[in-house]
Every structure is written in structure tokens, then in C-alpha cells.
Amino acid sequence: MKLHEYQTKQILKKAGIPVPEGHIAKTTSEAATAAFDIGGKVVVKAQVHAGGRGKGGGIKIVDSPGAAESTAKEMLGSHLVTFQTGPDGVPVGTLLIEEALSITKEIYLGMVIDGASKGVVIIASEAGGMDIEEIAEIAPEKIIQVPIDPIIGVQPFIGRKIAYELNFPQTLIRPMTGIIQNLYKVFTQSDASLIEINPLVITSDDEIIAADAKLDVDDDAIFRQKNIANMADPSQEDPLEIEAKLFDINYVKLDGNVGCIVNGAGLAMATMDVTSAAGAAPANFLDIGGGADEEKVSKALKIVLTDKSVKAVLVNLFGGILRCDVAARGFVLAAQEMPEAIRPMVVRMLGTNSEEGREILSKSGLSINLVETLDEAADKIQEITR
Ligand code: GDP
Ligand code: MN
């Protein structure tokens, strides 16, 4: 689950990490009032679940309440498009109005779960302000990575080492160490999968302040993170993904035109690879999961068919706990409920009751290509989408 910048900053502030003075605005007059209360130059920041706002026009520095109001008028209700969003962008319903900082240095400071070291790894760079992917491309030598032992945590010497390597002035080594330790506390206590302060800035008054903040929380831990769960903002999520979640279907919308329906995450990945190898592109990742019944299978197909960019549906099922005849009935059910939306389907079914399943589909009168192998599936997909 993703949080907004302003929500993340509330959490950081509570944990003792300095953030700029700021207020939330959902209307233009609230934006003007906020700018007036803060006084002087302010930054108007669109609150969306996507990065790259600066380049996309979602971050504007203005010097009066009136200018804050007119900037708010442009941003509120608009859709912000950045390199991290699709072409439709994400809706801007909330702004963060903050004091503008006088920045002398921008640092990247992040933490992620790292599979290789089986723990949290701290990532830092002097080349802050740009995305970590960009730094990795143009200045990889400027990226510091420090794996953290989960038993020992972040000891002060680790913070000092990072601060020294970032060429912090002597007087800021200790505060920086404190910030790194506190950030690690936030990371573990909120069950985060990623936390990113980019940029963490040094101001002309020699203060270290989190100018931007991003926090992603592990969905599997939300049940014990009630405060964070309450911060969810469904307006930022794909409506189909929200619906899928209600039915416990793992669905992620992608950019292609082949809807994929699979049981099992590994098989789903392999099926997406097959789709790409056939010269087409998957429109989604979808894992129905193990214990699906007719209704859940039908829901999965209906979700895929609701996506207008889908030209063909590729089904790749391995019947185990989910029997193939049950899945087949689910597909037929969906087709009966959404006859106008049905698209050509390529179906590969193996395992429990696959014969019954195939028979149900062949007798259904639907445009279904039954195939035996993934190679055949790829050929059919190529034929349909070309
Ligand atoms: P992002 O583009 O979505 O990551 O949004 P950020 O909050 O990181 O803002 C992008 C850039 O705007 C930062 O890297 C800064 O260079 C600049 N910026 C943000 N806040 C301030 C501020 O208070 N003062 C100044 N001078 N620049 C700022
Ligand atoms: Mn940023």
C-alpha cells in the first residue's frame, strides 16, 4: 500500500525526522490560507501516488498566497502525468503547501527489503534530487549501499559511516546519524517495503530536512497497521485493481492488449513471458489463486474483459485444487453475464478434470481456441493480435 507524501511526513515528524512546515489544501482557498499562514515563498505540491512530479508540473514554487491560490486552481481536479503514471495520469485531489527551503545540497536516502542480503538495505547518494534509477545509470559510483543486520539494527557507527561517505560537514554527522536511525525505526515499525527521502536536503541554515518522502507498506502486514490502513486513498488506485482485491484476486494492470488469466504467480509470470515472446504484450498480471470457485473464476474473466485495451484473452490453467471443469463453468458464466464484452480466447488447460473442462468450453459456442502447449498458445495469440 502506498502513502501520500504528506502522510509519510506526518509519520517521519513523529519519529523525530525534521520536515518542512506545511499544510494540506483540498480547495483553492485552503491553499491561499496555508500560504498566508506559512508566509513568504511556498512550494505547492500535488499529492499523488507517483514520483516524478517535479518534471511533470506537480511541484511549483510561488511567492504569494494569491499565486498559491491560482496554482492550486490549475492543479486541483487535474490529472497529473509523470513518467511513473500511465498516459491518463492520476487525479490531484489534495495539495501540500510547504515553506520553500533554501537548499544547498540534495541527498538521496532510502531503505528497501533486499532479497540478496535477506534484510533491509540502506541506499544513499550525494546525487539526490534525481531518481535512483537515473543515478544508477549516470553515476553508479555515487550510490552507497549498506545492508543492515536485523538483530543488531542501525548502530551509530553505520550512520556516521554513511554521513562521512556523503561528505557531510563535521557538525552534521551526528544529526544525520540520528535521522538514519530514526528512519530505520519507521521502516521496521510500519512494516515498510520501501521508504525514500529524495531529496533529503541541507539548508543554508545547516539544517537537514526531508523535502520529499515516500513510504510503501507491505500489503500482507496491513492487518496490523490500522493507522496506516486508514490512510489509504482509493482515488489513486486502478478501479479494477480495487475490485480484484475484494475478491482476493491478484491483479495488476499493465499496458499491453493480451488479457492473461492464470492460477499461480510463477505460471502467471511464465505466461506473460510467452505473450511477450509472441510479439504481443500482456494487458495484466492475474493470479486467480488456488481455491477459486466458479464465481471467482468468472469474476477474474469479467475484470479482464472490463479492460478496453484487451484484444484477446490467454488462459493458462494447471488444474489442482482448482478443477478445470469448475474454471470452464466460470468462464461460461462470465460470457453469459457480459456477452457484449467477450473477446477471442486461447485456452490451455491441464491437470484435474481437464477433459471435462475442455468439453464444457467446446460446447459453449464461444470463440475459444483450445491448445495443448504454450508454443501453440503463442502462435494463436500472434494470429489474433496481429
Ligand atoms: P518528485 O519530483 O515527485 O520527487 O517531488 P520532490 O518533492 O522531490 O520535488 C522535486 C524537486 O523540487 C526537488 O528535488 C527539489 O529540487 C525541488 N524542491 C522541492 N521542494 C523545494 C523547496 O522547498 N525549495 C526548493 N528550492 N526546491 C524544492
Ligand atoms: Mn522526490
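Residues numbered from 1 in each chain as written. Chains lettered and ligands numbered in written order. Predicted model: local features only at pLDDT ≥ 70, side-chain atom pairs only at ≥ 80, totals over all residues. Heavy atoms only, no water.

Chemist: Account for the overall build of the chain, with residues named and values stated.
Modeler: Across its full length, the chain holds 14 helices and 18 strands. Dimensions of the chain, computed from C-alpha atoms along their principal axes, come out at roughly 75 × 50 × 40 Å. In the chain, which comprises 386 residues, the proportion classed as buried is 50%. Surface exposure of the chain reaches about 18,200 Å², of which carbon and sulfur atoms provide 52%. Taking the average place of the 36 positive charges on the side chains of the chain and the average place of its 54 negative ones, the gap between the two points comes to 1 Å. (Helix = DSSP H or I, 4+ residues; strand = E, 2+ residues; numbered from the N terminus. Buried < 20%, exposed > 50% of the residue type's maximum accessible area, 1.4 Å probe, protein only. Areas by Shrake-Rupley, 256 points an atom, 1.4 Å probe, with all protein chains shown as cover. Lys, Arg positive; Asp, Glu negative; His and termini not counted. Charge placed at Lys NZ, Arg CZ, Asp CG, Glu CD.)

Chemist: Give me the domain arrangement of the chain: which residues, what numbers.
Modeler: Assigned domains of the chain: these are domain 1 (1-19 + 102-236), domain 2 (21-100) and domain 3 (238-385). For domain 1 and domain 2, the distance between their C-alpha centres works out to 23 Å. Taken together, the contact pairs 15 residues of domain 1 with 15 residues of domain 2. Summing both sides of the interface, domain 1 and domain 2 together bury roughly 1,300 Å²; the carbon and sulfur share of this comes to 41%. Looking only at domain 1, the three residues that lose the most surface to domain 2 are Glu5, Tyr6 and Gln236, adding up to 42% of its buried area. In this assembly, domain 1 and domain 2 are joined by six salt bridges. Among the ionic pairs, glutamate 5 bridges to arginine 53, the shortest N-O distance being 2.8 Å. Applying the counting criterion to the domain 1 and domain 2 interface returns 11 residue pairs in polar contact (both at pLDDT 80 or more). Here the side of domain 1 that touches domain 2 takes three residues from helix α1 (residues 5-14), the largest share from any one element. Among the residues making up the side of domain 1 that touches domain 2, the classes are represented as four nonpolar, four polar and seven charged. (Domains from an automatic or database assignment. Contact = heavy atoms within 4.5 Å. Buried area = accessible area lost by both parts, 1.4 Å probe. Salt bridge = Lys/Arg side-chain N within 4 Å of Asp/Glu carboxyl O. Polar contact = N/O pair within 3.5 Å; in protein donor to acceptor, adjacent residues only side chain to side chain. Nonpolar A, V, L, I, M, F, W, Y, C, P; charged D, E, K, R; others polar.)

Chemist: Let's hear about the coordination of the manganese ion (ligand 2): which residues, and what values?
Modeler: Protein ligation of the manganese ion (ligand 2) involves Asn198 (O) and Asp212 (OD), the donor distances falling in the range 2.2 Å. Of this pair, asparagine 198 sits in strand β10 (residues 192-203) while aspartate 212 sits in the loop between β11 (208-210) and β12 (214-217), and the two are 14 residues apart along the sequence. The same class applies to asparagine 198 as to aspartate 212, namely buried. (Donors = N, O, S within 2.8 Å, 3.2 Å for Na, K, Ca; no water.)

Chemist: Report on the site of ligand 1, specifying residues and quantitative values.
Modeler: Close contacts around ligand 1 come from 17 residues, with Lys45, Arg53, Gly54, Leu101 and Glu106 the closest. For ligand 1, an oxygen atom lies 2.8 Å from a polar atom in the side chain of lysine 45. Within the side chain of arginine 53, a nitrogen or oxygen atom sits 2.8 Å from an oxygen atom of ligand 1. Compared with its free state, where it exposes 560 Å², ligand 1 has 79% of that area covered by protein. Among the elements of the structure, β2 (42-46), α3 (53-56), β3 (59-62), β7 (103-114) and β10 are those that each provide at least two residues to the shell around ligand 1. Its residues placed into classes, the shell around ligand 1 shows seven nonpolar, five polar and five charged. A domain split of the shell around ligand 1 shows at least three residues from each of domain 1 (1-19 + 102-236) and domain 2 (21-100). (Near = heavy atom within 4 Å.)

Chemist: Give a description of the packing of helix α12 (residues 324-337) against helix α13 (residues 354-362) that names residues and reports values.
Modeler: In the contact formed by α12 and α13, the axes pass within 7 Å of each other and the chain directions differ by 20°. By the criterion of interaxial angle, the relationship of α12 to α13 is roughly parallel. As for how α12 packs across α13, the hand of that crossing is right-handed. Packed against α12, whose contacting residues are Cys324, Asp325, Ala328, Arg329, Phe331 and Val332, the element α13 presents Ser354, Glu356, Gly357, Ile360 and Leu361 at the interface. (Axes fitted to C-alpha atoms, helices over the stretch in contact; angles between N-to-C directions. Parallel < 35°, antiparallel > 145°, perpendicular 65-115°, else oblique. Left-handed = near helix turned anticlockwise from the far one by under 90°.)

Chemist: Got a sec to walk through the nonpolar core? Specific residues and values, please.
Modeler: Of all hydrophobic cores here, the largest spans 42 residues; its most connected members are Leu12, Leu109, Met111, Ile122, Phe168 and Met176. Elements supplying a minimum of two residues to this core: β7, β8 (119-125), β9 (143-148), α6 (156-165), α7 (170-189), β10, β11 and β12. Residues contacting phenylalanine 168, with those up to four places away along its chain left out, are Ile107, Ala163, Ile173, Met176, Ile202 and Ile208. One finds Ile249, Ala341, Met349 and Ile368 within the second-largest nonpolar core, a separate group that totals 34 residues. (Core = buried A, V, L, I, M, F, W, Y, C linked by side-chain atoms within 4.5 Å.)

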